[in-house]
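Examination of the molecular architecture
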Amino acid sequence: MTHRIFPDLRSVRREPGDQALWLLAALHVLAFLTFLVVLGLAVPARAAGDTCDGANILTEMKARDPSAYAGLMSEADQVENGRGLFWKIDRPGLAPSWLLGTMHVTDPRVLAMPKGAAEARDAAKVIVVESDEILDEKQAMAKMLLKPELTMMTDGATILSFLSPQDAAKLEASLKKRGIPLAAVSRMQPWMLSSFIALPACELARKAEGASFLDKQIAEQAVAAGKPVKGLETMQEQLSAMASIPTDFHIKSLMEMIAMGDRMDDVTATMTDLYVSGEIGMTMPMLKAVAPDGTEGEGYAEFEERIVTRRNHTMAERALPMLNEGGAFIAVGALHLVGKDGLVSLLRQQGFAVTRVD
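Let me sum up the structure you'll find in this document.

Notes on the sheet that holds strand S2 (residues 97-102)
Read across the open sheet, the six strands follow the order S4-S3-S5-S2-S1-S6; overall the sheet is mixed. Among the strands making up the open sheet, the edge pair consists of strand S4 (229-231) and strand S6 (353-356). Neighbouring strand axes in the sheet, compared pairwise and without regard to direction, differ in orientation by 25 degrees on average. With four bridges connecting them, strand S1 (residues 86-90) and S2 associate as antiparallel partners. Residue pairing for S2: Phe-86 is matched across the bridge by Leu-100.

Take a look at the structure:
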């Protein structure tokens, strides 16, 4: 039964984070945390403290240390396809397809979409998202409950098995600040706990009030319009990728995220600002700058390979049949678009002309 696998957080009141790329993965699991909200297992507070009030880290850096800011700008300029959210995909003899980079949050600025994207979505023959299981959250959750080891420690261990007394106290204090007793979530995998700490209270509060993040909104609108919706991955595949990363790496990520404290809200705010401006290539340089140990430490290369690179190649391969039919509208996380192994580059390697629209 569900309550024997997941902690019952219905009575928990929520008050108003290693490697920087971890934050991206944590934000990505908003789709999974949606399931907890839907099932009544996590109830974000609706309080004044839930407003999004993070500060833009780059604005601060530009004023305080122009040289460091210029260095980040230079690094971002080297990222392939690092600017733009919306791309046109062409091949002779086919109706054009479209690629939209999304951010898995419910911020109204993100939901607005770039100019031309709504029209392309409406004209498309098929809508493609990372996982079409977001359309039926309870069914997706039921599937994942068949593999509880993806989200829970099922071998008798708890998070305390991996922490020193000092780190356990830090974790307990950080969770308590969010109204979550450590005992209630001690069997969760460490990346799940990181998700609670990474996501701003305002984000979870909007979701609890029924707001859809961009990918889900696009899929819901497609269903309402009678269009088919296809997924490039299953939620189980996404969680398996997270679970395949060594526990030590996740523990390190969790503790570094706790060490960042309220700075996490600033990181999320900055990521959102970069997304809205289309400056996706600046995201990783910014995260490296604020992460306690940067993103070059032990385990990072494996993390990036499993969570980003492999998934990009899988998405490109699975999107090919829809693209070969023409008229597809593909919406995936914006960070999957950039870099030499990003979707824009991979689709070009498959013979498509991929042109930035916005």
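That was the structure; now back to the text.
Digging into the packing of helix H11 (residues 190-198) against helix H15 (residues 247-260)
One way to put it is that H11 packs onto H15 with a least axis distance of 9 Å and a crossing angle of 20 degrees. As summarised for this structure, H11 and H15 are arranged roughly parallel, according to the angle between their axes. Here the hand of the crossing between H11 and H15 comes out left-handed. From H11, Pro-190, Trp-191, Leu-193, Ser-194, Ile-197 and Ala-198 reach across to H15, where they touch Thr-247, His-250, Ile-251, Leu-254, Met-257 and Ile-258. Residues that form the contact of H11 with H15 fall into these classes: nine nonpolar, three polar and no charged.

A few points about helix H9 (residues 165-177)
A rise of 1.5 Å per residue sets the reference length of H9, with its 13 residues, at 18 Å; its end C-alpha atoms lie 18 Å apart and thus fit the reference within 8%. Turning to H9, its buried residues number three or more, namely Ala-168, Leu-171, Ser-174 and Leu-175. Angularly, the buried residues of H9 cover 130 degrees about the axis, an arc narrow enough to put them on a single face. Those residues of H9 that are exposed and aimed more than 90 degrees away from the buried face are Pro-165, Gln-166 and Lys-176. Against the buried residues of H9 lie helix H10 (182-185), H11 and H15. After H9 finishes, the residue Gly-179 shows a positive phi value of roughly 80 degrees.

Concerning the environment of Ala-243
Relative to the helices and strands, Ala-243 is located in helix H14 (residues 235-243). By relative accessible area, Ala-243 is classed as partly exposed at 33%. The spatial distance from the C-alpha of Ala-243 to the C-alpha of Met-152 is 9.8 Å, given a sequence separation of 91 residues. Not counting the four nearest positions on each side in its chain, Ala-243 is found in contact with Leu-150 and Trp-191.

Points about unusual backbone geometry
Its identity as a non-glycine residue notwithstanding, Asn-81 has a phi of 55 degrees, on the positive side. For Asn-81, the position within the fold is in the loop between helix H5 (66-77) and S1. Positive phi values are uncommon outside glycine, yet Met-113 reaches one of about 65 degrees. For Met-113, the location among the structural elements is in the loop between helix H6 (108-111) and helix H7 (117-123).

A few points about the packing of aromatic side chains
Ring pairs (aromatic) are described by centroid distance and by the angle formed between their planes. Considering all chains together, one arrives at two aromatic pairs under this definition. With a centroid separation of 5.4 Å and an interplanar angle of 20 degrees, the aromatic rings of Phe-86 and Trp-98 are classed as stacked. Here the residue Phe-86 occupies a position in strand S1, and Trp-98 occupies one in strand S2, the gap between them amounting to twelve residues. With respect to burial, Phe-86 and Trp-98 carry one shared label: buried. With 6.4 Å between their ring centres and 45 degrees between their planes, Phe-86 and Phe-329 make a pair best called tilted. Here the residue Phe-86 occupies a position in strand S1, and Phe-329 occupies one in strand S5 (residues 328-333), the gap between them amounting to 243 residues. Take Phe-329: its relative accessible area is 0%, and that puts it in the buried class. Ring pairing ties together the aromatic residues Phe-86, Trp-98 and Phe-329, which thus form one cluster. The ring of Phe-352 has Arg-91 sitting right over it, with the charged end atom 3.8 Å from the ring centre.

Rules behind the numbers
- Residues numbered from 1 in each chain as written.
- Predicted model: local features only at pLDDT ≥ 70, side-chain atom pairs only at ≥ 80, totals over all residues.
- Heavy atoms only, no water.
- Pairing = 2+ DSSP bridges.
- Helix = DSSP H or I, 4+ residues; strand = E, 2+ residues; numbered from the N terminus.
- Axes fitted to C-alpha atoms, helices over the stretch in contact; angles between N-to-C directions.
- Parallel < 35°, antiparallel > 145°, perpendicular 65-115°, else oblique.
- Left-handed = near helix turned anticlockwise from the far one by under 90°.
- Contact = heavy atoms within 4.5 Å.
- Nonpolar A, V, L, I, M, F, W, Y, C, P; charged D, E, K, R; others polar.
- Expected span 1.5 Å × (residues − 1).
- Buried < 20%, exposed > 50% of the residue type's maximum accessible area, 1.4 Å probe, protein only.
- Arc of directions from axis to C-beta.
- Phe/Tyr/Trp six-rings, centres within 6.5 Å; stacked < 30°, edge-to-face > 60°.
- Lys NZ or Arg CZ within 6 Å of the ring centre and 35° of its normal.

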